[in-house]
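Descriptive structure summary
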Amino acid sequence: YYLVQRRNKEAIRHSTKKEKMEQTFIMIKPDGVQRGLVGEIICRFEKKGFYLKGLKFITVDQSFAEKHYADLSAKPFFAGLVEYIISGPVVAMIWEGKGVVATGRTIIGATNPAASAPGTIRGDFAIDIGRNVIHGSDSVESARKEIALWFPEGPVNWQNSLHPWIYE
Ligand code: ADP
């Protein structure tokens, strides 16, 4: 028993020291909400071991959506994309973990659901590129910008007590 306790203490010390945590911005788009995929999507990020650090259920307006997708403003699909994002409420989230930006993109799958692998969110639940259910930041830098835009108040500050069971 004491050995187990000591190992746990060591695990906690190690894991909090070693891990470089990252945050990403994930949004369940209006089609994901309408189709009842909110629980399923949150479940996948939670079960993987990532930590929920922010969550809001909101409808955004046109100028906010245009800000979020500013990098795509020259694309021919931009107007349709903005219309899609403001068409109903979305679930905006901050998820934290080691490599969560890239791994989050892997969990989500390729932009075009026709090319996204089975087992990914888009591969399992979407067909058209313009109704691809979910957004995830594509780099640490865009994650930082998107979190600042959607969560100006910052992330929720809490520690998951399972940490040493997820990280070595
Ligand atoms: P991702 O969301 O995978 O990062 P992009 O940043 O390239 O992909 O595009 C943002 C969103 O714009 C996509 O998720 C998709 O909803 C939409 N989109 C991208 N390309 C097209 C397209 N050719 N036609 C319609 N919508 C598109």
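Because the structure is predicted, anything quoted here is derived from the model rather than measured.

1. Overview of the site of the ligand
All residues adjacent to the ligand are Lys 29, Tyr 69, Leu 72, Phe 77, Leu 81, Arg 105, Thr 111, Arg 122, Ile 129 and Asn 132. Within the side chain of Lys 29, one N or O atom sits 2.9 Å away from an oxygen atom of the ligand. A distance of 3.2 Å separates an oxygen atom of the ligand from a polar backbone atom of Ile 129. When isolated, the ligand has an accessible area of 530 Å², and the protein chains bury 75% of it. Residues belonging to the shell around the ligand are distributed by class as follows: five nonpolar, two polar and three charged.

2. Comments concerning the sheet that holds strand β4 (residues 134-136)
Here we have four strands laid out as an open sheet, ordered β2-β3-β1-β4, and antiparallel in their pairing. Every interior strand has two partners, whereas the edge strands, β2 (51-58) and β4, have only one. Neighbouring strand axes in the sheet, compared pairwise and without regard to direction, differ in orientation by 15 degrees on average. Inspection of the sheet shows strand β1 (residues 22-28) paired to strand β3 (residues 90-97) by seven bridges, in the antiparallel sense. From the neighbouring strand, Phe 25 faces β3, where its bridge partner is Ile 94. Packing of helix α6 (residues 100-108) onto the sheet brings it into contact with β1, β3 and β4, and relative to β1 it is tilted by some 30 degrees.

3. Some points on the environment of Glu 83
Residue placement: Glu 83 occurs in helix α5 (residues 78-85). Glu 83 sits in the exposed class, given a relative accessible area of 56%. Taking the C-alpha atoms as reference points, Glu 83 and Glu 66, separated by 17 residues in sequence, lie 9.7 Å from one another.

4. Let's talk about the UniProt feature "active site" (unreviewed entry) in the chain
As annotated by UniProt and renumbered to match this structure, "active site" (unreviewed entry) occupies His 135. Following the sequence through the fold, His 135 ends up in strand β4. Once residues lying within four places of it in the same chain are set aside, the contact partners of His 135 are Phe 25, Ile 26, Met 27, Lys 29, His 68, Tyr 69, Ile 108, Arg 122 and Glu 146.

5. Observations regarding a nonpolar patch on the surface
On the surface, a cluster of nonpolar side chains totalling about 340 Å² of accessible area is made up of Leu 162, Trp 165 and Ile 166. Within the fold, Ile 166 resides in helix α9 (residues 163-166).

6. Thoughts on the pattern of salt bridges
Scanning the model with the defined rule gives five salt bridges in all. Residue Glu 153 is joined to Lys 56 by a salt bridge in which the shortest nitrogen-to-oxygen separation is 3.1 Å. Here Glu 153, found in the loop between α8 (140-150) and α9, pairs with Lys 56, found in strand β2; they are 97 residues apart in sequence, far enough to count as distant. Note that Glu 141 and Arg 144 form a salt bridge whose closest N and O atoms lie 2.8 Å from each other. Of this pair, Glu 141 and Arg 144 both sit in helix α8, three residues apart, which is roughly one turn of that helix. Residues joined in a network through salt bridges with shared partners are Glu 40, Arg 44 and Asp 124.

7. Looking at unusual backbone geometry
Despite not being glycine, Val 133 shows a phi value in the positive range, around 75 degrees. Tracing the backbone shows Val 133 in the loop between α7 (121-125) and β4.

What counts, and where the lines are drawn
Residues numbered from 1 in each chain as written. Predicted model: local features only at pLDDT ≥ 70, side-chain atom pairs only at ≥ 80, totals over all residues. Heavy atoms only, no water. Near = heavy atom within 4 Å. Polar contact = N/O pair within 3.5 Å; in protein donor to acceptor, adjacent residues only side chain to side chain. Areas by Shrake-Rupley, 256 points an atom, 1.4 Å probe, with all protein chains shown as cover. Nonpolar A, V, L, I, M, F, W, Y, C, P; charged D, E, K, R; others polar. Pairing = 2+ DSSP bridges. Helix = DSSP H or I, 4+ residues; strand = E, 2+ residues; numbered from the N terminus. Axes fitted to C-alpha atoms, helices over the stretch in contact; angles between N-to-C directions. Contact = heavy atoms within 4.5 Å. Buried < 20%, exposed > 50% of the residue type's maximum accessible area, 1.4 Å probe, protein only. UniProt positions renumbered as here; feature names shortened; annotations may be inferred. Patch = residues over 30% accessible without salt bridge, like charges linked within 9 Å, V, L, I, M, F, W, Y side chains within 5 Å. Salt bridge = Lys/Arg side-chain N within 4 Å of Asp/Glu carboxyl O.

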